[in-house]
Amino acid sequence: LLFFFGCASTTPKCAYKVSEQSRISEIGQTSELEFLEVGRYEAPISKALMAKAEPFIPIVKDVCKELNIDIAVTMAVIERESGFNPNNENKSDPSYGLMQLVPEMGGRSANRYLYGKDEAPSPSYLYNPINNIYLGVGYLSMMKNYYFGDVKDSQSRQMCMIGGYNAGPGGV
């Protein structure tokens, strides 16, 4: 099982391999690495990336534990979506914050799933890292449990969850 995160055009910054023992190892370009223990994984990442990620690790760990989502996957999604920039905005979607939530799609769906509220969060709400991580992980949880809960193989379910996060559940 391979994950490619941090891709810029055709050259990936990082490629992670998940082994049968559920260990992640970098197989792409190398630099000075630190090992980030995230859940049951130990993910090698650059010291520069670690410095960007560090402020968000406690929040991600707490929310992922509460919603039963892999921490390593969430950290990889944040790195890929925003590069750990909580003020990131993609004007083409538009999507906002660390996990690049589209207010009318993932934001509204996560609000419904987590809080029973059928409303789109505002951009200012999504720029708050705690709010963004909670809704983003909630959206991952909704993908995993609601849309792809019938997928029996856990790795396949996880891949569907990640694909659904990016393309919507109908795109998987």
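What counts as what
Residue indices follow the written sequence of each chain, beginning from 1 at its first position. pLDDT decides what is reported in this predicted model: residues at 70 or higher carry local features, side-chain atom pairs at 80 or more are listed and counted, and totals for whole chains, interfaces and linings draw on all residues regardless. Each side-chain value is derived from all of the structure's non-hydrogen atoms; neither hydrogens nor water enter the calculation. We call Phe, Tyr and Trp rings a pair once their centres come within 6.5 Å, taking the six-membered ring for Trp, and we label the pair stacked below 30 degrees between planes, edge-to-face above 60, and tilted otherwise. Strands here mean DSSP runs of E at least two residues long; helices mean DSSP runs of H or I at least four residues long; both are numbered from the N terminus. Whether a residue is buried, partly exposed or exposed follows from its accessible area with a 1.4 Å probe, protein chains only, as a fraction of its type maximum: under 20%, in between, or over 50%, in that order. Either the NZ atom of lysine or the CZ atom of arginine qualifies as a charge over a ring when it sits within 6 Å of the ring centre and within 35 degrees of the ring normal. Take the number of residues in a helix, subtract one, and multiply by 1.5 Å to get its expected span. By definition, residues are in contact when any of their heavy atoms lie within 4.5 Å.

For this particular structure, what's the right way to read the packing of aromatic side chains?
The description of an aromatic ring pair rests on the distance of the ring centres and on the angle between the ring planes. Counted by the stated rule, this structure contains 4 aromatic pairs. Centre to centre, the rings of Y115 and Y134 are 6.2 Å apart; their planes meet at 20 degrees, and the pair counts as stacked. Here the residue Y115 occupies a position in helix α4 (residues 103-115), and Y134 occupies one in helix α6 (residues 129-147), the gap between them amounting to 19 residues. The class of Y115 is partly exposed, set by a relative accessible area of 40%. Between K117 and the ring centre of Y115, over which it is positioned, the NZ or CZ distance is 5.6 Å.

I would appreciate a short explanation of helix α7 (residues 154-167) in the present structure.
Along an α-helix, a turn takes 3.6 residues, which lines up residues three or four apart on a common side. An ideal rise of 1.5 Å per residue puts 20 Å on 14 residues; α7 measures up with 20 Å between its terminal C-alpha atoms. Three or more residues of α7 are buried, namely R157, Q158, C160, M161, I162, G164 and Y165. Following α7 by one or two positions, G168 adopts a phi angle in the positive range, close to 85 degrees.

Looking at this model, I keep getting lost on the side chain of S141. Mind explaining?
Along the chain, S141 turns up in helix α6. By relative accessible area, S141 is classed as buried at 3%. Filtering out sequence-adjacent residues up to four positions away, S141 remains in contact with L67, I69, Y113 and Y146.

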